[in-house]
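Chain by chain, the residues:
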Amino acid sequence: MQSLRNAVGGEQSRLGLQPDLTVLGKLIGGGMPIGAIGGNAELLRLTAATTDGHLAHSGTFNGHLTAMAAGAVTLRHLDAPAIDHLDQAARHLADAITVAAADAGIPATVTRAGSILNVHFTPIAPVNAEQARTATALPRALHLTLLLDGIYTTRRGMINLSTAMDAADLDRAARAYADAFHRLAR
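Residues numbered from 1 in each chain as written. Predicted model: local features only at pLDDT ≥ 70, side-chain atom pairs only at ≥ 80, totals over all residues. Heavy atoms only, no water.

Peer 1: Would you explain the nonpolar core in this entry?
Peer 2: Where a protein is soluble and globular, its nonpolar side chains tend to be buried together. Residues Ile97, Val119, Leu142, Leu161, Tyr177 and Phe181 are the most contacted members of the largest nonpolar core, which totals 33 residues. Listed by contribution, the elements that provide at least two residues to this core are helix H4 (80-103), strand E4 (116-120), helix H6 (138-148) and helix H7 (167-185). Non-local contacts of Tyr177, meaning those with residues more than four positions away in its chain, are made with Ile97, Ala100, Val119, Leu142, Leu146, Thr153 and Ile159. (Core = buried A, V, L, I, M, F, W, Y, C linked by side-chain atoms within 4.5 Å. Buried < 20%, exposed > 50% of the residue type's maximum accessible area, 1.4 Å probe, protein only. Helix = DSSP H or I, 4+ residues; strand = E, 2+ residues; numbered from the N terminus. Contact = heavy atoms within 4.5 Å.)

Here's what the structure looks like:
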């Protein structure tokens, strides 16, 4: 469980966890296609070519210089103030989305882990995967309706904020959600 966008040490540090292995995705490459695994030396040694019977791994982008350069720049800018800014922006947008859904008469909640949000068409925030599954067409309809206003989310309702977003971007997103909910209510 790792999300560098939620804390300087990732979500695991925010939750006080010390995992055996940490898997990092494309954020460490500045959005470029790259990933990494970190952990204790004993476990990582199992993947070393010098270890008999090692667990072989390969990848098209292993050690890709462009991704590593983009990642170095990204990680220099993703500091505690930037993460705090993302968290505050996500809280603001989550509140605006919740209000917009209520104004349109649509039962919806927003769950959030730092700057990662998800809209659920449930009156109460889900606490497990089963509750999070929505058997209606509303999540996909919301996704398509938001696209009309230039707002891209996943079809399941997930939103990831970026440090490049400013107050005007967040206001635009909040207005697009309000418009989308009203369209769906009709």
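Peer 1: Teacher, can you tell me more about the packing of aromatic side chains here?
Peer 2: Centre distance and the angle of the planes are the two values used to describe a pair of aromatic rings. Enumeration according to the criterion identifies two aromatic pairs in this entry. Consider the rings of Phe121 and Phe181, whose centres lie 6.3 Å apart with planes at 75°: the pair is edge-to-face. Taken together, the positions of Phe121 in the loop between E4 and helix H5 (129-132) and Phe181 in helix H7 put the pair 60 residues apart, joining distant regions of the chain. The residues Phe121 and Phe181 share a single accessibility class, namely buried. Plain terms: the ring middles of Tyr177 and Phe181 are 6.1 Å apart, the flat faces sit at 45° to each other, and that makes the pair tilted. With Tyr177 and Phe181 both in helix H7 and four residues apart, this pair spans about one turn of that helix. Comparing Tyr177 with Phe181 shows no difference in burial state: the two are buried. Taken together, the ring pairs in this structure connect Phe121, Tyr177 and Phe181 into an aromatic cluster. (Phe/Tyr/Trp six-rings, centres within 6.5 Å; stacked < 30°, edge-to-face > 60°.)

Peer 1: What's the story with the side chain of His143 in this structure? I'm lost.
Peer 2: Considering the arrangement of structural elements, one finds His143 in helix H6. Those residues in contact with His143 that sit more than four places away from it in its chain are Tyr152, Thr153, Thr154 and Arg155.

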